[in-house]
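# Architecture at a glance
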Amino acid sequence: DHIRERRRDPKALSAALRRLALVLSARGQYAAAGTRARRAIELVEPLDGETRSLSAAWGTLGEILAGQRRRPEASTAMQKAIDHAKAAFGDDDAFVVEEYNGFALNREEMGDVEGAEAIYRRNLDLLVRTKGRGSLQTARTLALLSNNLDRQAKSLEAEVRLRQAIAIRERDLGPGNPDTLRSLGNLVGLLIKVGKYDEAAALQSRVIALRSALPERNREEGIADLGRMGDILSKQGKVDAPIDYQR
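Worth saying up front: this structure is predicted, and the values here are computed from it rather than measured.

### Regarding the packing of helix 9 (residues 178-193) against helix 10 (residues 197-212)
- Their axes nearest at 9 Å, the elements helix 9 and helix 10 cross at an angle of 160°. In terms of their interaxial angle, helix 9 and helix 10 are classed as roughly antiparallel. Remark: the crossing between helix 9 and helix 10 carries left-handed chirality. Where helix 9 abuts helix 10, its residues Leu-181, Leu-184, Gly-185, Leu-187, Val-188, Leu-191 and Ile-192 lie against Tyr-197, Glu-199, Ala-200, Leu-203, Gln-204, Arg-206, Val-207, Leu-210 and Arg-211.
- Class assignment for the residues of the contact of helix 9 with helix 10 results in 11 nonpolar, two polar and three charged.

Shown next, in the form of structure tokens:
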């Protein structure tokens with residue numbers, strides 16, 4: 001109904017199709033999602049001055065292709081999204097930075113880990129200059145950079161960057177937010193890799209307590225938390241230690 005109401009307005013119809021494409025993609029209906037995203041692009045391509053809409057449409061298609069693991073095609077679509085976003089907003093806009101982050105993540109999955117690192121660092125420098133060290137977008141870029149560094153076995157800086165991201169997310173989102181919990185879990189993984197088992201155990205206990213206090217608990221995440229805690233205790237030689245978790 002929403003789409004039918006906007007047939008006479010190509011820009012509005014394109015936006016509606018983008019939203020529909022993302023819903024279909026989330027359901028795993030990638031072919032249908034890709035068709036809608038491409039139609040969203042076709043609707044605004046002939047329009048003058050619609051670089052923002054084109055950027056959003058190409059970004060949607062890139063996201064869908066990345067979800068299908070069609071990395072080279074996703075990279076091409078994301079680059080088009082970046083080009084249109086830069087034309088609309090300029091190189092230093094936060095929206096452009098987010099498009100670059102998505103592009104870098106896709107490049108990373110294609111194996112260009114060092115190239116992705118360079119993009120994350122460029123974005124981080126830009127965000128610190130324009131939005132400060134404490135913005136949530138800065139936190140997201142710090143977390144992405146940390147994951148990238150971890151993949152390159154640069155554990156020391158990866159830990160530093162992740163702690164910076166966590167500090168921002170805990171302050172602005174709260175400790176029980178999914179993004180914060182995800183970052184805390186990633187930090188536990190880093191601590192395990194470098195042999196800081198005592199700190200990892202303490203932090204994992206905190207993650208378990210935070211997740212158990214949530215009104216809606218994810219059973220799979222809870223099981224994964226317990227498994228990770230068991231792994232840490234095993235590495236500490238505490239194979240019989242009890243794990244406190246409210247089911």
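Having seen the structure, we can now continue with the description.
### A closer look at the pattern of salt bridges
- Enumeration according to the criterion identifies 21 salt bridges in this entry.
- The salt bridge involving Arg-107 is made with Asp-112; its shortest N-O contact spans 3.7 Å.
- Given the relative accessible area of 24%, Arg-107 is considered partly exposed.
- The salt bridge partner of Glu-157 is Arg-121, with a shortest N-O separation of 2.8 Å. Taken together, the residues Glu-157 in helix 8 (residues 155-172) and Arg-121 in helix 6 (residues 113-130) connect sequence positions 36 residues apart.
- Glu-157 gets classed as partly exposed once you look at its relative accessible area, which sits at 25%.
- What makes Arg-121 partly exposed here is its relative accessible area of 26%.

Thresholds, definitions, all that
- Residues numbered from 1 in each chain as written.
- Predicted model: local features only at pLDDT ≥ 70, side-chain atom pairs only at ≥ 80, totals over all residues.
- Heavy atoms only, no water.
- Axes fitted to C-alpha atoms, helices over the stretch in contact; angles between N-to-C directions.
- Helix = DSSP H or I, 4+ residues; strand = E, 2+ residues; numbered from the N terminus.
- Parallel < 35°, antiparallel > 145°, perpendicular 65-115°, else oblique.
- Left-handed = near helix turned anticlockwise from the far one by under 90°.
- Contact = heavy atoms within 4.5 Å.
- Nonpolar A, V, L, I, M, F, W, Y, C, P; charged D, E, K, R; others polar.
- Salt bridge = Lys/Arg side-chain N within 4 Å of Asp/Glu carboxyl O.
- Buried < 20%, exposed > 50% of the residue type's maximum accessible area, 1.4 Å probe, protein only.

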